[in-house]
Structures are given as C-alpha cells and as structure tokens.
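Residue-level listing of the chains:
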Amino acid sequence: MNTITIPEAEYFNMQKKIEELQAKISLLQDDKFMNKLMIAYKYFVIQAKNIPSSQVSLKRGSAKDIITYVAEDFTAPLEDFNNYM
C-alpha cells in the first residue's frame, strides 16, 4: 500500500470538514430535529401547491444590471453537438 503525503494545513482542513459533516449527520439522528424538519417540509409543500401558477410571473428586464456581458457568439453552434446536428 502506498503512503500519500499531504500538507499539514490540508490535513487539518479535512479533519475540520469531517467533524462538520459528523455534526450534520448527528442532527439527522435527533428525533426532535427531524420532526421539526418534516413539519417545515409539509408546510412548504402545502404552500407551494396552493399557489396558482398565474400568480408567478417574470417581468421583462428583471435581469437588468445582473447580466452584464453576453458573448458575441452566444448563439453559435457548439462543437460538442456537431454529431447531433
């Protein structure tokens, strides 16, 4: 088996990330947390079903000042799809 060496800082970052993931996993084992999560999920699913689609609309120009650059060849065919065209 080969030994791989990584920088100490990277190792400590990995350890920290593992601890964070273990903390998140422990929440999934907590019944009170899971009950609260299920209540919130049901609330949002019910809310989403009750919103008629006519109420959701996008206004023209809603991305103004958000999209600042579009390449000149934006609509040009992509080479990856030449076989399908």
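A brief structural summary. (Residues numbered from 1 in each chain as written. Predicted model: local features only at pLDDT ≥ 70, side-chain atom pairs only at ≥ 80, totals over all residues. Heavy atoms only, no water.)

**Quick notes on the overall build of the protein chain**
Line of reasoning, step 1. The helix and strand inventory of the protein chain stands at two helices and zero strands.
Line of reasoning, step 2. When burial is assessed residue by residue, the protein chain has 0% of its 85 residues classed as buried.
Line of reasoning, step 3. In the structure as shown, the protein chain presents an accessible area of about 9,200 Å², 58% of it carried by carbon and sulfur atoms. (Helix = DSSP H or I, 4+ residues; strand = E, 2+ residues; numbered from the N terminus. Buried < 20%, exposed > 50% of the residue type's maximum accessible area, 1.4 Å probe, protein only. Areas by Shrake-Rupley, 256 points an atom, 1.4 Å probe, with all protein chains shown as cover.)

**A short note on the packing of aromatic side chains**
Line of reasoning, step 1. A complete count under the given rule lists two aromatic pairs for this structure.
Line of reasoning, step 2. Relative to F44, the ring of Y43 lies with its centre 5.4 Å away and its plane at 75 degrees, an arrangement referred to as edge-to-face. (Phe/Tyr/Trp six-rings, centres within 6.5 Å; stacked < 30°, edge-to-face > 60°.)

**Quick word on a nonpolar patch on the surface**
Line of reasoning, step 1. On the surface, a cluster of nonpolar side chains totalling about 530 Å² of accessible area is made up of I4, I6, Y11, F12 and M14.
Line of reasoning, step 2. Looking at the secondary structure, you find Y11 in helix 1 (residues 8-28). (Patch = residues over 30% accessible without salt bridge, like charges linked within 9 Å, V, L, I, M, F, W, Y side chains within 5 Å. Salt bridge = Lys/Arg side-chain N within 4 Å of Asp/Glu carboxyl O.)

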